[in-house]
Amino acid sequence: SKHSVNLDNRTANVTVRPFELEVGFQFELHVTVSGKKINVSDIPELPIPEDWMRDKLELHFYKTVQGGGGEIEAVNYDKESGTAVITFLRPG
């Protein structure tokens, strides 16, 4: 658990300590589907960075179990309004 790291001709002694990751979040989304785009509303505000939320939305809609999903072209997320527009590469 103890290591020495050489940085710019200096040695730093470091100790590795375990840490806990936050428990995942589960939430409900309201979706409107139209061709290549999906409008998502009522996205709850979570204590995570905006880019993480965009990634979560992209992953969710890329591999949706309900038979939808597909390759994502863009995710436009607006944290203030709790909305997002997911644009797919192909309509379907």
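Keep in mind it's a predicted model, so treat the numbers as computed, not measured.

> Can you walk me through the nonpolar core in this structure?
Grouped together as the largest cluster of nonpolar side chains are 14 residues, with contacts concentrated most on V40, I43, M53, L57, F61, A84 and I86. Elements supplying a minimum of two residues to this core: β4 (37-41), α1 (50-62), β5 (72-78) and β6 (83-88).

> Which parts of the structure should I look at to understand the environment of E80?
Position of E80 among the secondary structure elements: in the loop between β5 and β6. Once the C-alpha coordinates of E80 and I43 are considered, the two residues, 37 residues apart in sequence, prove to be 9.9 Å apart.

> For this particular structure, what's the right way to read unusual backbone geometry?
Peptide bonds are, in most cases, trans, and in most cases residues other than glycine have a negative phi. One non-glycine residue with positive phi stands out, namely D42, at about 60°. Here D42 lies in the loop between β4 and α1.

> What is the right way to look at the confidence of the model for the protein chain in this model?
A low pLDDT means the predicted coordinates there should not be read in detail. Taken over all residues, the pLDDT of the protein chain has a mean of 79, while the share at 70 or more is 76%. When pLDDT is averaged over each element of the protein chain, β5 comes out on top at 92 and strand β3 (residues 30-34) at the bottom at 64.

> Looking at this model, I keep getting lost on the pairing of strand β2 (residues 10-15). Mind explaining?
Two faces, one strand: in a regular strand the side chains alternate between the faces of the sheet. Here β2 lies mainly on the outside; 0 of its 6 residues are buried. Across 6 bridges, the pairing between strand β1 (residues 2-7) and β2 is antiparallel. Each bridged residue has a counterpart across the sheet, and for V5 the counterpart in β2 is A12. In sequence, β1 turns back onto β2 through a hairpin of 2 residues, with D8 there showing a positive phi of about 50°.

> Honestly, α1 in this entry has me stumped. Any pointers?
Residue pairs three or four apart in sequence face the same way in an α-helix, which turns once every 3.6 residues. Over its 13 residues, α1 extends 18 Å from the first C-alpha to the last, a length consistent with the 18 Å expected when each residue adds 1.5 Å. When we look at burial in α1, the residues that qualify are M53, L57 and F61. Down the axis of α1, the buried side of the element spans an arc of 60°, and every buried residue falls inside it.

> Whenever I open this one, the environment of G35 confuses me. Can you help?
With respect to the helices, strands and loops of the structure, G35 is situated in the loop between β3 and β4. Sequence separation of G35 and R90 is 55 residues, and the distance between their C-alpha atoms is 8.4 Å.

> What exactly am I supposed to notice about the side chain of T87 here?
Counting through the fold element by element, T87 comes out in strand β6. Given a relative accessible area of 8%, T87 falls into the buried group.

> Just checking my understanding: could you explain the environment of E28 for this structure?
Tracing the chain through its elements places E28 in the loop between β2 and β3. Overall, E28 belongs to the exposed group, its relative accessible area being 58%. Along the primary structure E28 and P44 are separated by 16 residues, whereas in three dimensions their C-alpha atoms are 8.2 Å apart. Residues within four places of E28 in sequence aside, it is in contact with D42 and P44.

Conventions used here
Residues numbered from 1 in each chain as written. Predicted model: local features only at pLDDT ≥ 70, side-chain atom pairs only at ≥ 80, totals over all residues. Heavy atoms only, no water. Core = buried A, V, L, I, M, F, W, Y, C linked by side-chain atoms within 4.5 Å. Buried < 20%, exposed > 50% of the residue type's maximum accessible area, 1.4 Å probe, protein only. Helix = DSSP H or I, 4+ residues; strand = E, 2+ residues; numbered from the N terminus. pLDDT = per-residue confidence, 0-100. Pairing = 2+ DSSP bridges. Expected span 1.5 Å × (residues − 1). Arc of directions from axis to C-beta. Contact = heavy atoms within 4.5 Å.

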